[in-house]
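As a plain string of letters, each chain reads:
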Amino acid sequence: MLAGKTASEIFDNIRHLVQSGGLQPGEVLPPVRELASQLAVNRNTVAAAYKRLVTSGLAVSQGRNGTAIKARDTLPALEGGDPTTPLNDISSGNPDPARLPDLPRYLGQIARTPRLYGDAPIEPRLGQWAEAWFAREIAVPFAVNLASGAIDALERLLCALLLPATALWWKIPVFSAASIWCVTPVLPPARWRWMPKGWILTA
């Protein structure tokens, strides 16, 4: 009997039935409306599950004739493994702890120097590599710095280069909420004005 309340649950249920022989190749699945009524779910939920079955290679859409389980002499399923395989699915199980590597033993052999406040934020060798890489594209003096993501980098640039009441122009695409957040530390209350090529922030 088919079961499930979400598209994933319905898909997994049908896949299990196919692998266990509960559904045979060529067997037609219930119409979307009928199965949705039987499971008390939205028709879109069943339709999404059927679409996933077709995409994964477990079923085939026959138009008005419904969705049928695919013959086993076709290509193996792209999702969930080949239903004809004699192997058991152990993806939800756990490995034997005795066969896992002894991570503390190996990690303990790695020389590690703690980073302290005031130390260089960039590992020297990484900094040298980055400078050499950027130097191929940048013809003016520059310095490599470390930022915690794009927003942090934008805030640092704005704080270093802008003064209060400075007008800004943002090129599209831009995440406006992030832009407003970035300029908050350096600019007084301001307003956005839409321009053909982007937003301009005027104090």
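Residues numbered from 1 in each chain as written. Predicted model: local features only at pLDDT ≥ 70, side-chain atom pairs only at ≥ 80, totals over all residues. Heavy atoms only, no water.

Caption draft 1: View of the overall build of the chain. Regarding its fold elements, the chain presents 7 helices and 5 strands. In the chain, the order of α-helices and β-strands from amino to carboxyl end is α-α-α-β-β-α-α-α-β-α-β-β. A burial count over the chain gives 23% of its 203 residues as buried. Sequence separation of 24 or more characterises 48% of the internal contacts of the chain that already satisfy a separation of 6 or more. Taken as a whole, the chain presents about 15,200 Å² of accessible surface, with 60% of it coming from carbon and sulfur. (Helix = DSSP H or I, 4+ residues; strand = E, 2+ residues; numbered from the N terminus. Buried < 20%, exposed > 50% of the residue type's maximum accessible area, 1.4 Å probe, protein only. Contact = heavy atoms within 4.5 Å. Areas by Shrake-Rupley, 256 points an atom, 1.4 Å probe, with all protein chains shown as cover.)

Caption draft 2: Helix α1 (residues 7-20), seen in detail. Between its first and last C-alpha, α1 extends 20 Å over 14 residues, near the 20 Å set by a 1.5 Å rise per residue. Turning to α1, its buried residues number three or more, namely I10, F11, N13, I14, R15, L17 and V18. Elements that come into contact with the buried residues of α1 comprise α2 (32-39), α3 (43-56) and β2 (67-69). Downstream of α1 by one or two residues, G21 has phi in the positive range, about 90°. (Expected span 1.5 Å × (residues − 1).)

Caption draft 3: The packing of aromatic side chains, seen in detail. Under the criterion given, the structure shown has 3 aromatic pairs. Taking the centre distance of 6.4 Å and the plane angle of 20° together, the rings of W129 and W133 count as stacked. Note that W129 and W133 are positioned in helix α5 (residues 124-135) at a spacing of 4 residues, about one turn of the helix. The exposure class of W133 is partly exposed, given its relative accessible area of 40%. These aromatic residues form a ring-pair network of at least three members: W129, W133, F134 and F142. Positioned above the aromatic ring of F11 is the side chain of R52, whose terminal nitrogen or guanidinium carbon lies 4.1 Å from the ring centre. (Phe/Tyr/Trp six-rings, centres within 6.5 Å; stacked < 30°, edge-to-face > 60°. Lys NZ or Arg CZ within 6 Å of the ring centre and 35° of its normal.)

Caption draft 4: The confidence of the model for the chain, seen in detail. Confidence in the prediction for the chain averages 75 pLDDT; 68% of positions are at 70 or higher. Across the chain, the secondary-structure element scoring lowest on mean pLDDT is helix α7 (residues 176-183), at 45, and the one scoring highest is α2, at 91. This model gives residues 174-192 a pLDDT under 50, and the stretch forms 43 contacts once residues within four places in sequence are excluded. (pLDDT = per-residue confidence, 0-100.)

Caption draft 5: How the structure looks around the packing of α2 against α3. Between α2 and α3, the shortest axis-to-axis distance is 8 Å and the interhelical angle comes to 120°. Relative to α3, the element α2 lies oblique. Crossing hand, α2 versus α3: right-handed. Judged by residue contacts, V32, R33, L35 and A36 of α2 engage R43, V46, A47 and Y50 from α3. The residue inventory of the contact of α2 with α3, partitioned by class, reads 6 nonpolar, no polar and 2 charged. (Axes fitted to C-alpha atoms, helices over the stretch in contact; angles between N-to-C directions. Parallel < 35°, antiparallel > 145°, perpendicular 65-115°, else oblique. Left-handed = near helix turned anticlockwise from the far one by under 90°. Nonpolar A, V, L, I, M, F, W, Y, C, P; charged D, E, K, R; others polar.)

Caption draft 6: Examining the pattern of salt bridges more closely. For the structure shown, the criterion picks out 2 salt bridges. With a closest N to O distance of 3.2 Å, R15 and D12 form a salt bridge. Residue R15 and its partner D12 are both found in helix α1; the two are separated by 3 residues, about one turn of the helix. A residue is classified by how much of its surface remains accessible, and R15, at 18% relative accessible area, is buried. (Salt bridge = Lys/Arg side-chain N within 4 Å of Asp/Glu carboxyl O.)

Caption draft 7: Broad picture of the nonpolar core. Ranked by internal contacts, the top residues of the largest apolar core, which has 19 residues, are I14, L23 and L53. Of all elements in the fold, only α1, α2 and α3 reach the threshold of two or more residues within this core. Element by element, the count of residues in this core is highest for α1, at 5 residues. (Core = buried A, V, L, I, M, F, W, Y, C linked by side-chain atoms within 4.5 Å.)

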